[in-house]
Amino acid sequence: MCVLQETKFSKFTSFLFVLPYLVVFVAFLLIPLIFGAYISFHDWDLLSSTHKFVGFGNYAKLFDPSTYFHSVFMNGLWNTIKFVIFSVPILIVGGLLLALLVQHLPDKLKGIFRSIFFISYAISVSVIAVLWLWLLDTNSGLFNHLLAKLGAAPVQWLTSMPYAWISIVAATVWWTVGFNMIIYINALNEVPDELYEAGSVDGATPWQKFWSITLPSIRPVMVFTIVTSTIASFNIYGQPYLMTRGGPGTSTKVLLMEIVDQAFVQRQLGIASAMAIVMAIIMIVISIIQFRLTRNNEGNEA
Amino acid sequence: MRKPKKSLILIAVLLGILFLIPMVWMVATSFKTDTEALSSMSLFPKHFTFDNYVYTLFGQGLDVPILRWLFNSLFVGIGGSLLVVMIDAMAAYGLARLNVPFKKFLLPMFINTLMIPWVITFIPLYLQFGNMGWLNTYAALIFPYTANAFGVFLLYQFFRGFPKALEEAAVIDGANKWQVFIRIVLPSAKPMLWTLGIFTFMTIYNDFLWPLVSTNSIELRTITTGIAIMQQGSFVSSYGKLMALTTLATLPMLAIFLVGQRQFIKGITQTGIK
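As named in an unreviewed UniProt entry, chain B is Carbohydrate ABC transporter permease, taken from Fictibacillus fluitans. Entered under Subcellular location (unreviewed entry) in the UniProt record, the comment concerning chain B runs "Cell membrane".

In the annotation of an unreviewed UniProt entry, the entry for chain A reads Sugar ABC transporter permease, and the organism field reads Fictibacillus fluitans. Taken from UniProt, the Subcellular location (unreviewed entry) comment for chain A reads in full: "Cell membrane". What UniProt states about chain A under its Sequence similarities (unreviewed entry) heading is, verbatim, "Belongs to the binding-protein-dependent transport system permease family."

Here you go:
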């Protein structure tokens with residue numbers, strides 16, 4: 001039975017449902033995408049009205065080791081990758097451990113602790129940064145006061161290495177690990193009880209059950225969190241911008257900070273757009289590799 | 001089996017304290033005077049004061065409109081969420097149920113853009129908004145968030161799984177598709193619409209880079225970008241005032257979080273995983 005008739009007028013009124021989204025999609029996503037690529041092929045000074053076409057010139061500069069832009073780009077990219085490598089494993093393993101912990105608590109306590117570990121996710125990045133700046137303040141911050149009580153010397157948390165990275169990673173983990181925990185709690189709830197019962201019948205230890213039942217069951221969810229956490233970490237900006245200003249030196253200046261600097265401080269929109277596009281391509285490639293790797297593993301096991 | 005449970009609870013409590021300390025410290029500091037904030041490590045203020053809040057919101061000597069910033073954030077957050085929920089629900093329903101021309105082309109185009117990192121778009125968006133004279137307007141703080149296909153994808157999946165019988169009954173009773181959409185479909189999708197609304201509000205309210213780039217008038221700052229200004233400006237070592245400001249900025253999100261946590265969690269777990 002087809003109750004929705006298909007006249008031309010009907011098609012048109014159906015199209016009206018999609019039209020508002022289509023308009024904003026084209027105006028604020030599709031056009032910027034094409035325009036962004038167009039800008040990256042030009043020598044585009046923000047203050048100048050003429051923009052010279054340079055083809056792949058901006059991209060060539062990024063990969064030519066003798067240019068200033070190359071060193072800026074590589075420094076930012078390398079710092080961003082460092083942050084991804086430091087933060088993602090903690091966000092994944094930490095999120096899973098928190099989920100397992102909450103899962104094994106008595107039912108009455110589950111909800112409370114789930115909220116406690118998740119609630120910091122509601123805070124905005126500038127609040128996170130200002131709050132942690134205060135906690136980590138060399139002279140009057142809580143951390144150094146506690147260290148002093150233990151008899152330890154004060155640490156320059158934000159202006160010396162490796163503490164600047166430790167601080168940024170710690171603040172980020174505290175902020176977002178609860179998000180992964182929530183996803184894992186849900187995934188753990190969906191592992192069928194019969195699997196564990198069968199495991200018990202076979203005399204499996206809790207450790208064996210975890211490795212051979214729990215982990216394989218939640219693998220798709222783990223892939224999802226690895227990909228989303230990697231993307232989120234790649235987009236890091238606010239924490240180093242506000243907490244360390246990219247310092248000490250430029251050792252925590254991440255790629256997004258370099259791009260924003262090139263665009264709005266140096267006003268070189270062409271080179272900044274090229275940097276943004278290369279960054280996006282790297283992110284997409286990494287996501288695809290992460291999906292592929294895990295799919296291959298599944299293939300091998302079957 | 002009892003013993004391991006007790007040790008687990010102990011671990012959970014210790015970790016819980018660790019997780020709560022930063023926020024408790026923020027609120028505790030906000031009730032201290034600026035001098036006490038710097039000198040005392042006590043959780044409870046010696047001189048409990050609301051002055052930081054009063055000064056932050058209504059301060060006479062203050063040269064920035066913090067109350068306005070809070071209003072801006074709530075306005076663009078709520079306005080943007082309503083807009084997103086409305087246009088995404090329409091598009092998702094159209095694609096899931098109606099005979100929309102070019103459907104086979106539009107749907108994959110929308111969904112494929114979910115893969116594209118937003119970093120590509122903020123520079124061209126800045127130029128576009130500049131050309132339209134829309135920098136430093138509420139439009140700049142709302143419209144870029146409406147293009148995200150996440151909501152269309154979320155609701156499309158929901159509408160696909162929604163039983164057709166109700167809609168067909170309404171059509172037989174003589175309702176046209178707009179009436180069906182407004183009277184039957186939207187009410188049934190309420191939980192999903194709330195989920196999308198909360199997600200969108202959170203994204204807009206907490207966003208940092210785009211509002212920083214697209215506005216420079218002090219009147220049009222959001223609270224999230226305003227905090228950065230205050231931290232580097234007149235509140236630089238006034239930690240009592242700074243913490244009052246961050247507490248104020250966090251309150252709307254906490255309220256939404258406590259009320260809408262279930263919707264929010266549902267939204268997280270229903271997207272992209274399956």
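Lay out the overall build of chain A in plain terms, naming residues and giving numbers.
Summing up its helical and strand segments, chain A has 13 helices and two strands in all. The C-alpha radius of gyration of chain A comes to 25 Å, more than 25% above the 19 Å expected for a compact globule of 302 residues. Sequence separation of 24 or more characterises 65% of the internal contacts of chain A that already satisfy a separation of 6 or more. Split by element, the accessible area of chain A, about 13,900 Å² in all, is 66% carbon and sulfur.

Quick rundown of the pattern of salt bridges? Include the residues and the values.
This model, assessed by the stated rule, comprises six salt bridges over all chains. Ionic pairing is found between A:Lys253 and A:Asp261, a salt bridge with its closest N-O pair at 2.6 Å. Among the ionic pairs, B:Lys241 bridges to B:Asp34, the shortest N-O distance being 2.7 Å. Linking B:Lys241 in helix H14 (residues 239–270) with B:Asp34 in helix H2 (residues 34–39), this pair joins segments that are 207 residues apart in sequence. Residue B:Lys241 is classed as buried on the basis of its relative accessible area of 18%. Through salt bridges with shared partners, one network takes in A:Lys253, A:Glu258 and A:Asp261.

Outline the interface of chain A and chain B, listing residues and values.
Counting residues at the interface gives 90 residues for chain A, matched by 96 residues for chain B. Both faces considered, chain A and chain B share a buried interface measuring about 8,400 Å² in area, 81% of it formed by carbon and sulfur atoms. Joining chain A to chain B, the criterion identifies zero salt bridges. Per-class residue counts for the side of chain A that touches chain B are 68 nonpolar, 16 polar and six charged.

Account for the packing of helix H1 (residues 8–40) of chain A against helix H10 (residues 177–188) of chain B, with residues named and values stated.
For any two helices packed against each other, the geometry is given by the interaxial angle and the distance between the axes. Running from amino to carboxyl end, H1(A) crosses H10(B) at an angle of 35°, the nearest separation of the two axes being 10 Å. Only B:Lys177, B:Trp178 and B:Phe181 of H10(B) make contact with H1(A), whose side of the interface consists of A:Ser10, A:Thr13, A:Ser14, A:Leu16 and A:Phe17. Residue classes in the contact of H1(A) with H10(B) are distributed as four nonpolar, three polar and one charged.

Can you tell me about the nonpolar core, naming the residues and giving the values?
Ranked by internal contacts, the top residues of the largest apolar core, which has 183 residues, are A:Ile259 and B:Phe110. With 16 residues, helix H7 (residues 163–189) of chain A is the largest single contributor of residues to this core. A domain split of this core shows at least three residues from each of domain 1 (2–58) and domain 2 (66–234) of chain B. Filtering out sequence-adjacent residues up to four positions away, A:Ile259 remains in contact with A:Ala272, A:Met275, A:Ala276, A:Met279, B:Val119, B:Phe122 and B:Ile123.

Could you give an account of the layout of surface pockets, with specific residues and numbers?
Estimates place the volume of the second largest pocket at around 1,000 Å³. As for the second largest pocket, its lining consists of 28 residues, and the residues nearest its centre are A:Leu100, A:Gln103, A:His104, A:Pro206 and B:Leu8. Listed by contribution, the elements that provide at least two residues to the lining of the second largest pocket are helix H3 (68–103), H7, helix H8 (193–201) and helix H9 (206–217) of chain A together with helix H1 (2–30) of chain B.

Explain the packing of helix H5 (residues 125–135) of chain A against helix H13 (residues 223–232) of chain B to me, using residue names and the numbers behind them.
One can describe the packing of H5(A) onto H13(B) by two numbers: an axis separation of 8 Å at closest approach and a directional angle of 30°. On the basis of their axis angle, the class for H5(A) and H13(B) is roughly parallel. For the pair formed by H5(A) and H13(B), the contact residues are A:Ser126, A:Val127, A:Val130 and A:Leu133 on the first element and B:Thr224, B:Ile227 and B:Gln231 on the second.

Please provide a residue-by-residue account of the environment of A:Trp44, values included.
Note on placement: A:Trp44 falls in the loop between strand E1 (42–43) and strand E2 (52–53). For A:Trp44, a relative accessible area of 9% corresponds to the buried category. Not counting residues up to four positions away in its chain, the partners in contact with A:Trp44 are A:Phe35, A:Tyr38, A:Ile39, A:His51, A:Arg267, A:Gln268, A:Leu269, A:Gly270 and B:Leu127.

Describe the domain arrangement of chain B, naming the residues involved and giving the relevant values.
Interface size is commonly expressed as the accessible area that is lost once the parts come together. The assigned domain composition of chain B is domain 1 (2–58) and domain 2 (66–234). On a C-alpha basis, the centroid separation for the pair domain 1 of chain B and domain 2 of chain B is 36 Å.

Before we move on, could you go through the confidence of the model for chain B and cite the residues and values that matter?
The pLDDT averaged across chain B works out to 89; a share of 96% of its residues lies at or above 70. Within chain B, the lowest mean pLDDT, 84, falls on H2(B), and the highest, 96, falls on helix H7 (residues 138–142) of chain B.

Pulling in residues and values, what's your account of the UniProt feature "transmembrane region" (unreviewed entry) in chain B?
Residues and elements named next belong to chain B. Feature annotation in UniProt assigns "transmembrane region" (unreviewed entry) to the following positions: residues 7–28, 69–93, 105–126, 138–159, 180–205 and 242–260. Helix makes up 68% of residues 138–159 and strand makes up 0%, while its end C-alpha atoms are separated by 32 Å. Taken end to end, residues 242–260 is 100% helix and 0% strand, and its first and last C-alpha atoms sit 27 Å apart.

A description of the UniProt feature "domain: ABC transmembrane type-1" (unreviewed entry) in chain B should follow, citing residues and the corresponding values.
Under the UniProt annotation, "domain: ABC transmembrane type-1" (unreviewed entry) lies at residues 70–260 of chain B. End C-alpha to end C-alpha, residues 70–260 of chain B measures 20 Å, and it is 73% helix and 0% strand.

Break down the side chain of B:Thr113 for me, citing the residues and quoting the values.
Secondary-structure assignment places B:Thr113 in the loop between helix H5 (103–112) and helix H6 (122–131). The contacts of B:Thr113, once residues within four sequence positions are left out, are A:Phe25, A:Leu29 and B:Ala149.

Account for the side chain of B:Asn52, with residues named and values stated.
Residue and element names in this part refer to chain B. Its place among the elements puts Asn52 in helix H3 (residues 51–58). Within the structure, the side chain of Asn52 is placed 2.8 Å from the backbone oxygen of Ser30, a separation counted as a polar contact. Leave out the neighbours within four places in its chain, and Asn52 touches Thr29, Ser30, Phe31, Lys32, Asp34, Gly240, Lys241 and Ala244.

Describe in detail helix H11 (residues 190–206) of chain B, supporting the description with residues and values.
Compared with an ideal rise of 1.5 Å per residue, which puts 17 residues at 24 Å, H11(B) spans 24 Å between its outermost C-alpha atoms and is within 8% of the ideal. Summarising burial for H11(B): 13 of the 17 residues are buried, a large majority.

So, helix H10 (residues 219–234) of chain A: which residues are in play, and what are the values?
A rise of 1.5 Å per residue sets the reference length of H10(A), with its 16 residues, at 22 Å; its end C-alpha atoms lie 22 Å apart and thus fit the reference within 8%. Those residues of H10(A) not exposed but buried are A:Val221, A:Met222, A:Val223, A:Phe224, A:Thr225, A:Val227, A:Ser229, A:Thr230, A:Ser233 and A:Phe234.

Could you give an account of the UniProt feature "transmembrane region" (unreviewed entry) in chain A, naming the residues involved and the relevant values?
All names here are of chain A. Taking the UniProt record as the reference, the feature "transmembrane region" (unreviewed entry) is found at residues 12–39, 83–103, 115–135, 163–185, 218–237 and 269–289. Secondary structure across residues 12–39 divides into 100% helix and 0% strand, with the first and last C-alpha atoms of the span separated by 36 Å. Secondary structure over residues 83–103 splits into 100% helix and 0% strand, and the C-alpha atoms at its two ends are 29 Å apart.

Here is what the cut-offs are and how they apply
Residues numbered from 1 in each chain as written. Chains lettered and ligands numbered in written order. Predicted model: local features only at pLDDT ≥ 70, side-chain atom pairs only at ≥ 80, totals over all residues. Heavy atoms only, no water. UniProt positions renumbered as here; feature names shortened; annotations may be inferred. Helix = DSSP H or I, 4+ residues; strand = E, 2+ residues; numbered from the N terminus. Rg over C-alpha atoms; globule rule 2.2 N^0.38 Å. Contact = heavy atoms within 4.5 Å. Areas by Shrake-Rupley, 256 points an atom, 1.4 Å probe, with all protein chains shown as cover. Salt bridge = Lys/Arg side-chain N within 4 Å of Asp/Glu carboxyl O. Buried < 20%, exposed > 50% of the residue type's maximum accessible area, 1.4 Å probe, protein only. Buried area = accessible area lost by both parts, 1.4 Å probe. Nonpolar A, V, L, I, M, F, W, Y, C, P; charged D, E, K, R; others polar. Axes fitted to C-alpha atoms, helices over the stretch in contact; angles between N-to-C directions. Core = buried A, V, L, I, M, F, W, Y, C linked by side-chain atoms within 4.5 Å. Domains from an automatic or database assignment. 1 Å grid on protein atoms, 1.4 Å probe; cavity = no way out; pocket = protein on both sides within 12 Å on 5 of 7 lines; lining within 4 Å. Points joined across faces, edges and corners; volume = space filled by probe spheres on them. Parallel < 35°, antiparallel > 145°, perpendicular 65-115°, else oblique. pLDDT = per-residue confidence, 0-100. Polar contact = N/O pair within 3.5 Å; in protein donor to acceptor, adjacent residues only side chain to side chain. Expected span 1.5 Å × (residues − 1).

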